[in-house]
Amino acid sequence: MASPGKWLLAGYNVLAYAFLLAPIALIVVLSFSNSATLAFPPQDLSLRWFRYLAGRDEFLTATIVSLQVAALASIGAVMLGVLAALALVRGRLRGTAVIEGALMSPLILPGIITGIALLQFFTATGLVRSFDRLVLAHLIICMPYAIRSVGACLRGIDPALEDASRTLGANGWRTFRRVLLPLLRPGIVAAFIFSFVTSFDNVVVSMYLIGADTVTLPIRILTYLEWQFDPSIAAISTVFIAVTTVVVFAAEGLTGMSRRPSV
Amino acid sequence: MRPGPLLIAPAIAMIALFFAPLVTMARRSFVSDAGGGMTLENYARFFGDPYYLTALAVTLGTAVLVTVITLLLSYPLAYTYWRARRRLRSILVVLLLSPFYANVVVKVFGWMLLLPTDFLNGYPAIVVVSVHRSMPFMVLLLASAMARIEPEWLESARVCGASGRRVFRTVVVPLSMPGVVAGGIVVFSLSVAAYVVPALVGGASRGQFLPVLMYQQIAIAQNWGFGAAIGVILLATSIVTIGLGNRVARAGRIGRVMSDGFAG
Amino acid sequence: MAVVRLERLKRSFAGRLVLDIDELDIHDGEFFSLLGPSGCGKTTTLRSIAGLVEPDSGRILIGGRDVAAVPTWQRNLGMVFQKYALFPHLTIAENIAYGLEERHVRAADIAARIAESLSLVSLPGIERRYPHQLSGGQQQRVAMARAVVYRPDVLLLDEPLSNLDVKLRVAMRAELKRLQQALGITTIFVTHDQHEALALSDRLGVMRDGRMDQVGTPQEIYESPRSVFVADFVGGTNLVPAVVRTCDGAGRTVTVEIEGAGTVTLATAQPLSNGQRVRIAAKPERLRLSWPAQRGAALDGVIDSAAYLGSAYSYAITVGAHQLEARCAEALRVEGRPAAAGDRIGVTIDADSTRVFGA
């Protein structure tokens, strides 16, 4: 490519990434602002708003709820994901493509549909506790990611290893424990991380399932946005970003480029 | 080697937590909110009222617009990443992934701070913010597809005498089509189903988007039947889109787009 | 008593019969090879014996007992795979100990047995390394050690040498034979390489399309093939069409005419009739060339080309309407110079080592 073209492309890249990062950078900077308004640039910096947050119960509880739901949903999704991946990749089933498509369908259907459908269903079947509703809903939207992560890892494991284990005298369960499980560890960890982030981030499915006393962090931020517009939101957003950053970095480190569409 | 019984637990989860609720919702859409038995009243109300038909058109049209803009803006970024050498790549990866560090609410909040107020609550803001949140997905999907292009193919085109521009036009673009289709479907689906973006930055325009309408009908007006009908219509739109996408992909012989939006 | 016995073993896949073995006995302590081209069913047979594949019908007996109800892990077999299948997350010692641990051998004994088996394969001291740190040949030997350390009843080898380069393969061949004889384990070896099969086996079975074409010692298979396929697959052969002119009374020899070249009398394994179309299987190294062309015993031929192979000379010769290949240790001399294209020579087919098959 000719030189001026290269410079043009480089310039475009700079602008585009600035565009992509501007809102996030802005929030992070403002969270350290010392003023009561969201004026940019901030006159001086402090941790004032973080301290304010620490004193606000509702953010603390929302964070804890989000973490708890994410943890439980992820564990469930990963366990189910391992089972499903084993069946899809190693079990010689007919119609594997159809089954896989069915298991992956929560990914393609709009989250709000899932949320409303689950709301109606839970109400009709008498599942009342918001916390339970959230965990189950998150479990079902995380499961496809878990299946994909574990499945991808499993596909990279030579089936001859299991054959060898069997000829050496180990039955199915021992083969799983001694050979497959250790080799699947990267896939399982990745599955857990993807599930955790998906659950932690989620807005539209959770929107319909929260209760008065059980609110997740993204939704707490959402409702706050509607009537309180001060740097405390910037601060909580920064906390949110920090948690997700750590987790996404770990995912990138373990599995290469992450690709997870979510709402 | 392992039999189907392994699937029992996942299958129960899927059926109980996904398919059954969808069926319940679909059934609910055929029940009138005024009470009574099965009826097509909710759908008649939707398709008979120009307001709702407009909303459908706006939702779909905006999704198309957002998809096209996102594609055009993302392509150069994906191309740059693909051609970048190791050191530049590792920097780019960090930048590319950074939008994932914040979820949609945080990003919208950032935009609410950045945009001037009169621009803020309106249709253009929806488009801008939608494009912003869609670009990371599009870039990643495009880059994945481009990664499958072997450097040797480009080299042999150059050896045949093609200029850089020509190689790009005749080799890179066609071979990146699986990524274009996959990215297009993912971004389109995200946009059609988006609630947070129109709700927060759309101002008066927000009522023209189906997900917002759905929320209003169910959470505010308590019209569960009608809300469910809107949901079914949204669902049908998603399924049709993916089906069409796969057909286009197959027609161009560029492989199947799998249910998770990853081109294969 | 046969250690391994297959009876009426059948298996279909996607509507096709991939295994169709009437009967096969493998004797105690013998090195038995399953030889054949890709897709002939040899690996399927091996995996059926191992229990990794279930036949549709028939019986497999190991040590006299029907193993239909016995899962792989209880059949007391040792198996070496084509890509060795060493567990990448375990050390060499842990890999070899695997089978011993499943048999609840005491920890104190395990270490000693590992050391013993490693020295048996000439790889002492590598217990703490990992598979990826070893070369292909070393991995193969570890795979062997792992499979025999617990003294299985039968050792199954699935093309274990095919991933090695040529020189290493030949060296490992000798190692393998030495090991098997030292241990005396009944061994079943799958390969598509006839040289390996001939060199290593006490007996071998040539398979085609799921069926066992011929079973016998290497000499029997090579020199007395009972079908065109076996004659051609093992050692390569010329196939020359001819017509039967006369049969002797006992049906053991026939005189056949090769169109445009003459008649020759050969042995036959099958009963033939006058006028029947047949094919003569004559191995290139069993054709004798002579100059000048002798009348009577020899067929007339014209040399098309000559090639020097290093270990032999190869001549493409037209006899009648057909082209044959002949191999000689020394160059044929015509009029005092090496034979070349265009020379008329005599070709004698050695009656004892040549077979006639119905076309």
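Structure first, text after, so check above.
Predicted model, so just to flag it, every value in this text is computed and none were measured.

Peer 1: Explain a nonpolar patch on the surface to me, and be specific about the residues and the numbers.
Peer 2: Residue and element names in this part refer to chain A. A contiguous nonpolar patch, built from Phe32, Leu45 and Leu47 and spanning about 290 Å² of accessible area, is present on the exposed surface. Relative to the elements of secondary structure, Leu45 occurs in the loop between α1 (3-31) and α2 (48-55). Residue Leu45 is classed as exposed on the basis of its relative accessible area, which comes to 59%.

Peer 1: Which residues make up the interface of chain A and chain C, and what values do they have?
Peer 2: With 18 residues of chain A at the interface, the matching set in chain C holds 19 residues. Here chain A packs against chain C, burying approximately 1,800 Å² in sum over the two surfaces, 62% of which is carbon and sulfur. Taken as a group, A:Thr167, A:Leu168 and A:Arg178 account for 40% of the area that chain A buries against chain C, more than any other trio of residues on that side. A salt bridge links C:Glu101 to A:Arg178, with the nearest nitrogen and oxygen atoms 2.3 Å apart. Inspection of the region where chain A meets chain C yields seven residue pairs in polar contact (both at pLDDT 80 or more). Elements represented by at least two residues in the side of chain A that touches chain C include exactly α7 (159-167) and α8 (172-201) of chain A.

Peer 1: Lay out the packing of aromatic side chains in plain terms, naming residues and giving numbers.
Peer 2: For any pair of aromatic rings, the description consists of the separation of the ring centres together with the inter-plane angle of the planes. Residues and elements named next belong to chain B. Evaluated as defined, the whole model comprises 24 aromatic pairs over all chains. Where Tyr79 meets Trp82, the ring centres are 6.0 Å apart and the plane angle is 65°; that geometry is what we call edge-to-face. Here Trp82 and Tyr79 lie together in helix α3 (residues 50-83), a separation of three residues that amounts to about one turn. For Tyr79, a relative accessible area of 12% gives the class buried. Judged by relative accessible area, which is 11%, Trp82 ranks as buried. Clustering of aromatic rings is evident, with ring pairs tying together Phe46, Phe47, Tyr51, Tyr52 and Phe226.

What counts and how
Residues numbered from 1 in each chain as written. Chains lettered and ligands numbered in written order. Predicted model: local features only at pLDDT ≥ 70, side-chain atom pairs only at ≥ 80, totals over all residues. Heavy atoms only, no water. Patch = residues over 30% accessible without salt bridge, like charges linked within 9 Å, V, L, I, M, F, W, Y side chains within 5 Å. Areas by Shrake-Rupley, 256 points an atom, 1.4 Å probe, with all protein chains shown as cover. Salt bridge = Lys/Arg side-chain N within 4 Å of Asp/Glu carboxyl O. Helix = DSSP H or I, 4+ residues; strand = E, 2+ residues; numbered from the N terminus. Buried < 20%, exposed > 50% of the residue type's maximum accessible area, 1.4 Å probe, protein only. Contact = heavy atoms within 4.5 Å. Buried area = accessible area lost by both parts, 1.4 Å probe. Polar contact = N/O pair within 3.5 Å; in protein donor to acceptor, adjacent residues only side chain to side chain. Phe/Tyr/Trp six-rings, centres within 6.5 Å; stacked < 30°, edge-to-face > 60°.

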